[in-house]
Every structure is written in structure tokens, then in C-alpha cells.
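Understanding the architecture of this molecule
One-letter residues, chain by chain:
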Amino acid sequence: MAFIRFVDRPVFRNPWAEFERIRQGLDELSRSYGEKGKAQARANVYPPLNIYEEPDRLIVTGELPGVKVEDLNLSIEGDTLTLQGKRENLQTEPGISYHRREIESGSFSRAIALPVKVDAEHVAAKLTNGILTIVLMKASEVAPRQIKVSAE
């Protein structure tokens, strides 16, 4: 009689994991090619953002190196903050042969759904050394209030 040790058993493979891997590959392929099979340049101009909350305000910071203040447009409508702008091409000399080109240039537009209601009248934005900082004051009905308890 043969004894089967537990270590000799084949490892159970989840068949759905392989389908998920294939699906992710197809998603990546579809992002790389547009209509009619033409390769599209993948724009990586979207600024990476951090959004965090303090008791009375919401703060959004983003990396925007190479973006000028005059090329940046911010707007707020309801609970959506929109960042639009463009990053100019750093090298425009003809005949340049790149060995590596990772810094994208071009226009970007990004709409962010804000997690809390904000007061659109009290918004400040500052661009310093390529870091954009937007301070949005929370709406009065959202801001926490201290309630004093009295003893009788």
C-alpha cells in the first residue's frame, strides 16, 4: 500500500486566478491601443495627488513639476474639484535623440470627487517648487463642533 505524504500532494491552483491574470493583460493591452488597432501614446501627465482631512478643512496636494501657474486652472462645482493644465515640452530642439524619455508633456484634466462638503467661497491654492497645495474649508454643517455639557 502506498502512503501519500501531505507534502507530495499537488498544490491546489485556483483556476479563476489565471482568468484574472488574462483579464488584466487584456485590459493593459486595450489601454495601449485605441480605435482600429492604432497605438496610442500613454499620457502620464496626470498629477499624483494626496487628499487628507483636518478637523476644519480638506487639503489636496499634488506634484506638478514643470507646470506654470498661468497654465493651471482650478475650479470647484458642488462636491467636485477639477484640475486642468498643461506641461510644456522641456526639449524642443530638433535632432535630439533620446535614450530614455519618461517625463511626459501635454495637457491634463482631472476631476476629484471630494469626500466632504466644502465652502466654495473659502478655497486657497498655492504652487511652490512644483507642489500644488489646495486648502478647502469644510462647510459649516460638516465642521465638527464642541458641545459643552452643563451639570444641574
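Predicted model, so just to flag it, every value in this text is computed and none were measured.

1. What to know about the overall build of the protein chain
Scanning the protein chain from N- to C-terminus turns up one helix and seven strands. A separation threshold of at least 6 residues defines the contact pool for the protein chain, and within that pool the share at least 24 residues apart is 53%. Carbon and sulfur atoms provide 52% of the accessible area of the protein chain, an area that totals close to 12700 Å².

2. What to know about the sheet that holds strand 5 (residues 106-113)
Think of a sheet as strands paired side by side through backbone hydrogen bonds, with each pair either parallel or antiparallel. One open sheet accounts for three strands, arranged 3-4-5; its pairing is antiparallel. Each edge of the sheet is formed by a strand with only one pairing partner; in this case those strands are strand 3 (72-77) and strand 5. Neighbouring strand axes in the sheet, compared pairwise and without regard to direction, differ in orientation by 10° on average. Alignment of strand 4 (residues 80-87) against strand 5, held across eight bridges, turns out to be antiparallel. Bridged to Lys 86 within strand 5 is Ser 107.

3. Side note on the side chain of Lys 138
In this fold, Lys 138 is placed in strand 7 (residues 131-138). Among the polar contacts made by the side chain of Lys 138, one reaches the side chain of Glu 53 at a distance of 2.5 Å.

4. Observations concerning unusual backbone geometry
Excluding glycine, most residues fall at negative phi; most peptide bonds, likewise, are trans. In this structure, Asn 129 is a non-glycine residue whose phi angle is positive, near 50°. Along the chain, Asn 129 falls in the loop between strand 6 (118-128) and strand 7.

5. What to know about the side chain of Arg 87
Along the chain, Arg 87 turns up in strand 4. At a separation of 2.9 Å, a polar atom in the side chain of Arg 87 contacts the main-chain carbonyl oxygen of Pro 65.

6. Quick word on the environment of Ile 134
Considering the arrangement of structural elements, one finds Ile 134 in strand 7. When the C-alpha atoms of Ile 134 and Leu 58 are compared, they prove to be 8.2 Å apart, with 76 residues separating the residues in sequence.

7. A few points about the sheet that holds strand 7
Strand order in the open sheet formed by four strands is 1-2-7-6, with antiparallel pairing between adjacent strands. What marks the edges here is a single partner per strand, and that holds for strand 1 (49-53) and strand 6. Averaged over all pairs of adjacent strands, the angle between their axes in this sheet comes to 15°, without regard to strand direction. Here strand 1 pairs with strand 2 (residues 57-63) via five bridges, running antiparallel. Bridging from a neighbouring strand, Glu 53 pairs with Leu 58 of strand 2.

8. Concerning the pattern of salt bridges
Scanning all chains against the criterion turns up four salt bridges. Among the ionic pairs, Arg 57 bridges to Glu 54, the shortest N-O distance being 2.7 Å. Its relative accessible area of 27% is what places Glu 54 among the partly exposed residues. With its nearest N and O atoms 3.9 Å apart, the salt bridge here joins Asp 56 to Arg 57.

9. What to know about the confidence of the model for the protein chain
The pLDDT averaged across the protein chain works out to 79; a share of 77% of its residues lies at or above 70. This stretch, residues 39-43, has a pLDDT under 50; its non-local contacts, to residues over four places away or in other chains, come to eight contacts.

10. Some details on the pairing of strand 7
Every other side chain in a regular strand lies on the same face of the sheet, so the side chains alternate between the two faces. Two elements, strand 2 and strand 7, share seven bridges in a ladder whose sense is antiparallel. In the strand pairing of strand 7, Arg 57 is matched with Met 137. In the sheet, strand 6 pairs with strand 7 via seven bridges, with the strands oriented antiparallel. Looking at the pairing, Ala 125 lines up with Ile 134 of strand 7. In this antiparallel pair of consecutive strands, strand 6 and strand 7, the connection spans two residues, and Asn 129 shows a positive phi of 50°.

About the thresholds
- Residues numbered from 1 in each chain as written.
- Predicted model: local features only at pLDDT ≥ 70, side-chain atom pairs only at ≥ 80, totals over all residues.
- Heavy atoms only, no water.
- Helix = DSSP H or I, 4+ residues; strand = E, 2+ residues; numbered from the N terminus.
- Contact = heavy atoms within 4.5 Å.
- Areas by Shrake-Rupley, 256 points an atom, 1.4 Å probe, with all protein chains shown as cover.
- Pairing = 2+ DSSP bridges.
- Axes fitted to C-alpha atoms, helices over the stretch in contact; angles between N-to-C directions.
- Polar contact = N/O pair within 3.5 Å; in protein donor to acceptor, adjacent residues only side chain to side chain.
- Salt bridge = Lys/Arg side-chain N within 4 Å of Asp/Glu carboxyl O.
- Buried < 20%, exposed > 50% of the residue type's maximum accessible area, 1.4 Å probe, protein only.
- pLDDT = per-residue confidence, 0-100.

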